[in-house]
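Breakdown of the fold
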Amino acid sequence: MDATTQSAPGSSPAVNPFQLVFHIDIFLLALAGVFALFALPRAIARFSRAAEWRHGHILRAIPLERRAPKPAMRSIQTLAFGAPAPDNVTSEESHTLHSDAHLIRHPAAKQEGWSLPPHVRAWSSRVPTFANILRYRLEEGFSLGQALILMIYSVVLVYAGFLRSNPFADPLRTGFVAMSQIPVVYLLATKNNLLGMFVGLGYEKLNYIHRYAGTLLVIASNVHSLGYIYEWTLNHTFSKYIRTPAIIWAFVALISVDLIYLFSLPFFRRRAYNVFYGSHIVFFILFLPAVHGHQPGVWPYVVTAGGVISLDYLIRLMKTRVYNARIRPIPDLMLTRIEVPQLNAGWRAGQHVRIRILSSAMGWIGWAESHPFTIATAAKTPEGLVLLCKTTGGWTGRLYEMAKVAGYGADEGAFGRMVQVMIEGPYGGPGHCVFASYSAAMFIVGGSGITFALSAVQDLLQRDSEGASRVKIIEVIWSVQDSTSLTPLIPQLAALIQQSIYAPLKISVHYTRASDNPPGKDFLPPGLTLTGGRPKVAKVLDAVISRAVSYGSGVKASMDITGVIIGVCGPLGLGDEVAQVISQVDAGRRWAVGGIEMHEEVFRW
């Protein structure tokens, strides 16, 4: 854009606005590069193993190697938990079509040839005091560290807008500032986020920056427009300028960006998601040519933004699969279980996919809706890809009712019904963090967040059976409202406990609502407990630290202590609580265990 095409009173010729905002973008890019450099050591460690290049990018189907169960498994668990597992519990009794016996291995089966993943401590473990400060929550789901990032971003844009300029007397400058942030907003709106790939974060972790940058873009655009409208009104030239094509395109761009902001408010995101999503697509597409029509000189920014979005949709198309899936209701949990056994590889534990149900039963537009769900199984298992979709709204409610049509009562629907689905992903996940590289893994989940824990635990046990895990102990804390939520998952959880040979697994379920008919505790297998009330996270974490430092059997007894990883999935408040508990851990204890790191999976609208 030529800075002299539209001058305004008070504009300073000493500052070239085009060069100024270009340098501002370079500065922001350099800041992103600093974060990428901090993440580089863990990225190198993760991708130093060839297997990591095949996981977490593209869903696919591979032939599986089936393993026969080892007959000595029962006696092993007697030593590990103090009592034999009940003989009447099998994985086939749970909501799964396959046994996990292929993971079972005798402890002496692989004393040599272990291929342990390299471990690189996160910066939060190296400077825990500073990390605790940044982890402090200013409000639910929003930390001080996030606030500092937004503050730095704000200061940079304010500097660009006010340097030798008065935004109210020089509306041209704010137009340049708005223009410079178009690629930033579009980049952060993509699912296959290039910035996230370099810093090891999923798009959902960077979404708060996208929303904030979009808000500042809207503010700068309106200040720019109102400044000229005010000037033209004072000079009685408004009717003259409003008829010119460039100004008409300017108003098209302004209306587009304002409507994007309006329909992005929490009310529309939570109660009218289709309006929010549809308006984003329509006005995002309309905004770019409108900006170019207003000022053709901005074409580098328009092309960059358009290229980023086009690349994202191309990658999303490559990551999309269409399969026939089996859906089944789980009444005790008010969940719908979606099974796609044909897809059995390509994701990492903790990642999610976006799914469409291609059925007219979902409504006249429901079949086109895409919703994210965490994958509930590990890769390379006979179950394939499994999703547990909690009934929370209209779309999930229709899915649950459709699954109930062929429920467990009918012979032909004993195993659910088939439906065609479109699956896109995988996305998100732990990034460059490798759970199997830690000495202890602790998963704290709430409600349907159990899907995250199931996939992570299954993946750790699978890696353990291959001699590729440092984890000595695994602890799972699951908080639910009703104790009956445990009933349909008892066989599956018991099967996982039976498979934990080198890394003993303990699962604690806590319920907060009184139940008339809770599951009998006498029938729970060793390692699985059911307790009323909220979990005492601090006490459990302290016990995990003690066990991680002192516990070890066989090969793992001689392994280095590499810290504790805490995975959290559930309501926003759960993550806040765990972050506070971690910050209160004694520095000596933290040092002895090799550091404590936290990975949080939360979806918010």
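Going by the structure above, here's the rest.
The notes below deal with the structure included here. (Residues numbered from 1 in each chain as written. Predicted model: local features only at pLDDT ≥ 70, side-chain atom pairs only at ≥ 80, totals over all residues. Heavy atoms only, no water.)

**Focus: the overall build of the protein chain**
Each helix and strand counted, the protein chain has 20 helices and 14 strands in total. Relative to all contacts within the protein chain whose residues are 6 or more apart in sequence, the contacts with residues 24 or more apart total 78%. As displayed, the protein chain has an accessible area near 26900 Å², and 64% of this comes from carbon and sulfur atoms. (Helix = DSSP H or I, 4+ residues; strand = E, 2+ residues; numbered from the N terminus. Contact = heavy atoms within 4.5 Å. Areas by Shrake-Rupley, 256 points an atom, 1.4 Å probe, with all protein chains shown as cover.)

**Here's the deal with the packing of aromatic side chains**
By convention here, two paired aromatic rings are described through the distance between centres and the angle between planes. Taken as a whole and judged by the stated rule, the model has 16 aromatic pairs. Arranged with centres 4.4 Å apart and planes meeting at 35 degrees, the rings of Tyr186 and Phe284 form a pair that is tilted. Of this pair, Tyr186 sits in helix H7 (residues 182-188) while Phe284 is found in helix H13 (residues 273-294), placing the two residues 98 residues apart along the sequence. Of the two residues, Tyr186 and Phe284, neither departs from the other in class, the shared state being buried. (Phe/Tyr/Trp six-rings, centres within 6.5 Å; stacked < 30°, edge-to-face > 60°. Buried < 20%, exposed > 50% of the residue type's maximum accessible area, 1.4 Å probe, protein only.)

**Some details on the pattern of salt bridges**
Pairing is possible between side chains that carry opposite charge, provided their charged atoms lie close to one another. Under the criterion given, the structure shown has 20 salt bridges. The partner of Glu52 in a salt bridge is Arg348, and the shortest N-O contact between them spans 3.7 Å. One end of the pair, Glu52, is in the loop between helix H1 (17-47) and helix H2 (73-81); the other, Arg348, is in the loop between strand E4 (335-340) and strand E5 (351-357), and 296 residues separate them in sequence. For the residue pair Glu52 and Arg348, the accessibility class agrees, reading buried in each case. (Salt bridge = Lys/Arg side-chain N within 4 Å of Asp/Glu carboxyl O.)

**Some remarks on the sheet that holds E5**
The strand order across the open sheet built from six strands is E6-E5-E8-E3-E4-E7, with neighbouring strands paired in antiparallel fashion. Bordering the open sheet on either side are strand E6 (371-374) and strand E7 (385-390), each of which pairs with just one other strand. Sheet twist, expressed as the mean angle between neighbouring strand axes with direction ignored, is 40 degrees. Summarising the sheet, E5 and strand E8 (residues 417-428) pair through six bridges and their orientation is antiparallel. (Pairing = 2+ DSSP bridges. Axes fitted to C-alpha atoms, helices over the stretch in contact; angles between N-to-C directions.)

**A word on the pairing of strand E3 (residues 320-330)**
Sheet topology note: the E3/E8 ladder contains eight bridges and is antiparallel. Considered in E8, the bridge of Asn324 is made with Gln420. Relative to E4, E3 is paired through five bridges, and the arrangement is antiparallel. Across the sheet, residue Ile327 finds its bridge partner in E4, namely Ile338. The antiparallel hairpin formed by E3 and E4 contains four residues in its connecting segment, where Met334 sits at a positive phi of about 55 degrees.

**Points about the nonpolar core**
A general trend in soluble globular proteins is that nonpolar side chains are found buried together. Core analysis: the largest hydrophobic core is formed by 44 residues, its most contacted members being Phe443, Ile474, Trp478 and Leu486. Among the secondary structure elements, those contributing two or more residues to this core are E7, strand E9 (440-446), helix H16 (450-465), strand E10 (473-482), helix H17 (490-499), strand E11 (505-513), strand E12 (528-532) and strand E13 (564-569). The element that contributes the greatest number of residues to this core is H16, accounting for eight residues. Apart from the residues lying within four places of it in its own chain, the contact partners of Ile474 are Ala441, Phe443, Val457, Leu460, Leu461, Ala503, Pro504, Leu505 and Lys506. (Core = buried A, V, L, I, M, F, W, Y, C linked by side-chain atoms within 4.5 Å.)

**Notes on a nonpolar patch on the surface**
Where nonpolar side chains cluster on the molecular surface, the patch consists of Leu194, Met197, Phe198, Leu311, Leu314 and Met318 and spans about 590 Å² of accessible area. Note on placement: Phe198 falls in helix H8 (residues 194-199). (Patch = residues over 30% accessible without salt bridge, like charges linked within 9 Å, V, L, I, M, F, W, Y side chains within 5 Å.)

**What about helix H4 (residues 128-135)?**
Buried residues of H4: Ala131, Asn132 and Arg135, and no others. Projection of H4 onto a plane perpendicular to its axis shows the buried side chains occupying an angular sector of 100 degrees, all on one side. (Arc of directions from axis to C-beta.)

**Some words on the packing of H1 against helix H6 (residues 171-180)**
Direction vectors running N to C along H1 and H6 enclose 35 degrees, while the axes themselves pass 9 Å from each other. The way H1 lies across H6 gives a crossing that is right-handed. Judged by residue contacts, Pro17, Phe18, Leu20, Val21 and Asp25 of H1 engage Arg173, Phe176, Val177, Met179 and Ser180 from H6. In terms of residue class, the contact of H1 with H6 is made up of seven nonpolar, one polar and two charged. (Left-handed = near helix turned anticlockwise from the far one by under 90°. Nonpolar A, V, L, I, M, F, W, Y, C, P; charged D, E, K, R; others polar.)

**As for the sheet that holds E13**
Read across the open sheet, the six strands follow the order E12-E11-E10-E9-E13-E14; overall the sheet is parallel. Bordering the open sheet on either side are E12 and strand E14 (596-601), each of which pairs with just one other strand. Strand-to-strand twist across the sheet, computed as the mean angle between neighbouring axes with direction ignored, equals 15 degrees. Both E13 and E14 contribute to a ladder of six bridges, which runs parallel. Residue pairing for E14: Val568 is matched across the bridge by Glu600. This element, H16, spans E9, E10, E11, E13 and E14 of the sheet and lies at about 160 degrees to E9. Against the sheet, H17 contacts E11 and E12, and its axis sits at roughly 155 degrees relative to E11.

**Some words on the packing of helix H11 (residues 245-262) against H13**
Where H11 meets H13, the axes come as close as 8 Å, and the angle between the chain directions of the two elements is 155 degrees. Considering the angle they form, H11 stands roughly antiparallel to H13. Seen along the crossing, H11 lies across H13 with a hand that is left-handed. Each of Ala246, Ile247, Trp249, Ala250, Val252, Ala253, Ser256, Val257, Leu259 and Ile260 in H11 lies in contact with H13, whose residues at this interface are Ser279, His280, Phe283, Phe284, Leu286, Phe287, Pro289, Ala290, Val291, Gly293 and His294. Here the residues of the contact of H11 with H13 sort into 16 nonpolar, five polar and no charged. (Parallel < 35°, antiparallel > 145°, perpendicular 65-115°, else oblique.)

**Points about the side chain of Glu339**
Here Glu339 lies in strand E4. Separated by 2.4 Å, the side chains of Glu339 and Arg328 make a polar contact. (Polar contact = N/O pair within 3.5 Å; in protein donor to acceptor, adjacent residues only side chain to side chain.)

**Some details on H17**
Judged by how many residues are buried, H17 sits mostly within the fold: 10 of 10 residues are covered. What H17 keeps buried is the set Ile490, Pro491, Gln492, Leu493, Ala494, Ala495, Leu496, Ile497, Gln498 and Gln499.

**Here we look at the environment of Ala514**
With respect to the secondary-structure elements, Ala514 resides in the loop between E11 and E12. Judged by its relative accessible area of 75%, Ala514 is exposed. When the C-alpha positions of Ala514 and Gln481 are compared, they lie 8.4 Å apart, and in sequence the two are 33 residues distant.

**As for the environment of Gln420**
Note that Gln420 resides in strand E8. Among the residues examined, Gln420 registers a relative accessible area of 39% and is labelled partly exposed. C-alpha separation for the pair Gln420 and Tyr323, spaced 97 residues apart in sequence, amounts to 5.8 Å. Residues within four places of Gln420 in sequence aside, it is in contact with Val322, Tyr323, Asn324, Arg356, Ile357 and Leu358.

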